[in-house]
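As a plain string of letters, each chain reads:
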Amino acid sequence: MTNEDKRKIIDTFLDNGFLLNPDLLNQDIGFFKNNINFPNIEDKPMVLDQNLLLSLINIKQNINWKEFERAKVLVEKGKDSIIYETFSNILGYNTNNKKQEVEKIDEDILDDPQIFDEEKDIENNVILLKIYKDDYKKREIQDFVIYYNKRFEALKKILIGRPELQNVTSINRILTKTNREEVSVIGMVSDKNETKNGNILISLEDTTGIIKVLISKNRSELFSSGKNIVFDEMIGITGVSGGQIIFANNIIFPEVPINNHLKKSPDEVYAAFISDIHVGSKKFLENEFIKFINWLNGNFGDDNQKNIAKKVKYLFMVGDLVDGVSVYPGQEEELLIKDLVKQYEKFSELIGMIRSDIKMIICGGQHDAIRMSEPQPPLMRKYTESVYKLPNTILVSNPCLVNIQSTKDFEGFNIYMYHGASFHYYVDNVESLRNAKENPSNTMKFLLQKRHFAPTHSSNVFVPETEEDPLVIEKVPDVVVCGDSHRSAIGNHNGVIIINCSCWQSKTDFQEKVGHDPDPAKVPILNLKTREIKILKFGDE
């Protein structure tokens, strides 16, 4: 590359607000021709090296570059590296500067001085690993096509790593085969029916075509798996091709792998989980909620319970913070506070009583001041300013992935939050989940198997995103916490802790009509040192 070429490249980057690491200028001119594609972002890194340039091109979401630079300085000074390593993993390259494939995940690191103060130990920190921020653009029909293609690629990437799917063939090639032979294929389920003989017949679609797959009723284990297949999910199939059909021998779901490395914090710290508070409803259990707050503050319970309360450092609130307005027919008759802003002011008054060293991570749900369609951005500030003003609240999207309790010696826990709007669909439509109203953790196990919070098109109201499908569970979490069902439940799936939150609302007339039986005023708490979960009861029963 000539000096003139170098000067033009430097000027181009300077014009777009970037400085170049001198090592980048050792690249061939073709590298820059292929990789100069400046994203339209307000915040940006100060100095670009090769890894950062490639990451900047591939990652379209928000990065807190100021904190990245700050974390990098700490590493260069030989001090704490945990935040820099977290950034590096997100950006898609490791600390040895070996280029890796970039993970397309939303990213935002909190500007919290406790996290980044180089003179202090990292303590009680929260890192937002994946948070959705709406771009408010107009959606077109083509956006749905792009959205499903993005989902297809993300889940295909997971499935193709399975040993059974190492020799995947595209559907159009299978359709041309005339001889019966073993095949494996990955696709999205576009249709599912039962034949007159009682077998399951699905239509599987990839980017090259559609093929029928027959799942025989005579193979009980396979048939049982086939009954759990839902529309629009991604699966792998191995079997025998027979012209225009595949006779299935195995069904492979994206599934979360078995985790034999169960994280445990070196410190005894607790996280508490609540949802469906429904402030503003006549049925809101305010006395029980205040009892919970008093416990958190060390003013309620026996000595052992008070000792645990002192060690609670994180409180997750998983949607339906208030009852909202006009959410369902006749709701106004069940409201004590009929103004949405005043509902949030009351909510803020209550949680403002919680001691300030507890970080409160808050997402919305169907009753909250945010659009109904998923992914739901953080609460609308127009109605919830009182919540944002509290010094220890962290407002996140639904769903989102956060990391808590990371230190220089411990990578912390990755926790997915999802309110759970899709749960009703699967309980109603999947035979194996008919009892999940009583134990909603079974529904979350089902969705972990699918690696998606709402795989079926009609299971939730959603907005098609063109950068990625934010409801894909790409990164395997340590904990998944949900709400919506108004029932507390605990589960474990391949090492992933599943927590479903209770509620703070007694049974409403609407719930009575739809046969919903709440189990209120219960709080799961997780000991991050032992992974033990307790459920504390604050009701009268």
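Reference entry: report on the structure contained in this document. Worth saying up front: this structure is predicted, and the values here are computed from it rather than measured. (Residues numbered from 1 in each chain as written. Predicted model: local features only at pLDDT ≥ 70, side-chain atom pairs only at ≥ 80, totals over all residues. Heavy atoms only, no water.)

### As for the overall build of the chain
1) Next: For the chain, the count of helices and strands is 16 helices and 19 strands.
2) Next: In the chain, the proportion of contacts linking residues at least 24 apart, taken out of those at least 6 apart, comes to 66%.
3) Next: Only carbon and sulfur atoms are counted for the fraction: they give 46% of the accessible area of the chain, which is about 24200 Å². (Helix = DSSP H or I, 4+ residues; strand = E, 2+ residues; numbered from the N terminus. Contact = heavy atoms within 4.5 Å. Areas by Shrake-Rupley, 256 points an atom, 1.4 Å probe, with all protein chains shown as cover.)

### Describing the pairing of strand E5 (residues 200-205)
1) Next: Note that strand E4 (residues 182-194) and E5 share six bridges and pair antiparallel. Residue pairing across strands places Glu-194 opposite Ile-200, the latter belonging to E5.
2) Next: Summarising the sheet, E5 and strand E6 (residues 210-215) pair through six bridges and their orientation is antiparallel. Within E6, the residue paired with Ile-202 across the bridge is Val-213. (Pairing = 2+ DSSP bridges.)

### Describing the pattern of salt bridges
1) Next: Scanning the entire structure with this criterion turns up 16 salt bridges.
2) Next: A salt bridge links Glu-286 to Lys-346; the shortest N-O distance between them is 3.0 Å. Linking Glu-286 in helix H10 (residues 286-296) with Lys-346 in helix H12 (residues 340-351), this pair joins segments that are 60 residues apart in sequence.
3) Next: On the accessibility criterion, Glu-286 (27% relative accessible area) is partly exposed.
4) Next: As a salt-bridge pair, Lys-522 and Asp-519 come within 3.0 Å of each other at their nearest N and O atoms.
5) Next: Overall, the relative accessible area of 12% leaves Asp-519 in the buried class.
6) Next: A network of salt bridges, in which partner residues are shared, links Lys-263, Glu-411 and Asp-478. (Salt bridge = Lys/Arg side-chain N within 4 Å of Asp/Glu carboxyl O. Buried < 20%, exposed > 50% of the residue type's maximum accessible area, 1.4 Å probe, protein only.)

### Quick look at the sheet that holds strand E7 (residues 234-241)
1) Next: Taken together, the five strands give a closed barrel; going around it, the order is E4-E5-E6-E8-E7, and neighbouring strands pair in mixed fashion. Across the sheet, the mean angle from the axis of one strand to that of its neighbour is 55°, orientation sign disregarded.
2) Next: With respect to the sheet, helix H7 (residues 141-159) is in contact with E4, E5, E7 and strand E8 (245-252), its orientation differing from that of E4 by roughly 135°. (Axes fitted to C-alpha atoms, helices over the stretch in contact; angles between N-to-C directions.)

### What to know about the side chain of Thr-169
1) Next: Following the sequence through the fold, Thr-169 ends up in the loop between H7 and helix H8 (171-175).
2) Next: Ignoring any residue separated from it by four or fewer positions in sequence, one finds Thr-169 in contact with Ile-174, Ser-184 and Val-185.

Just distances and angles here, no functional claims.
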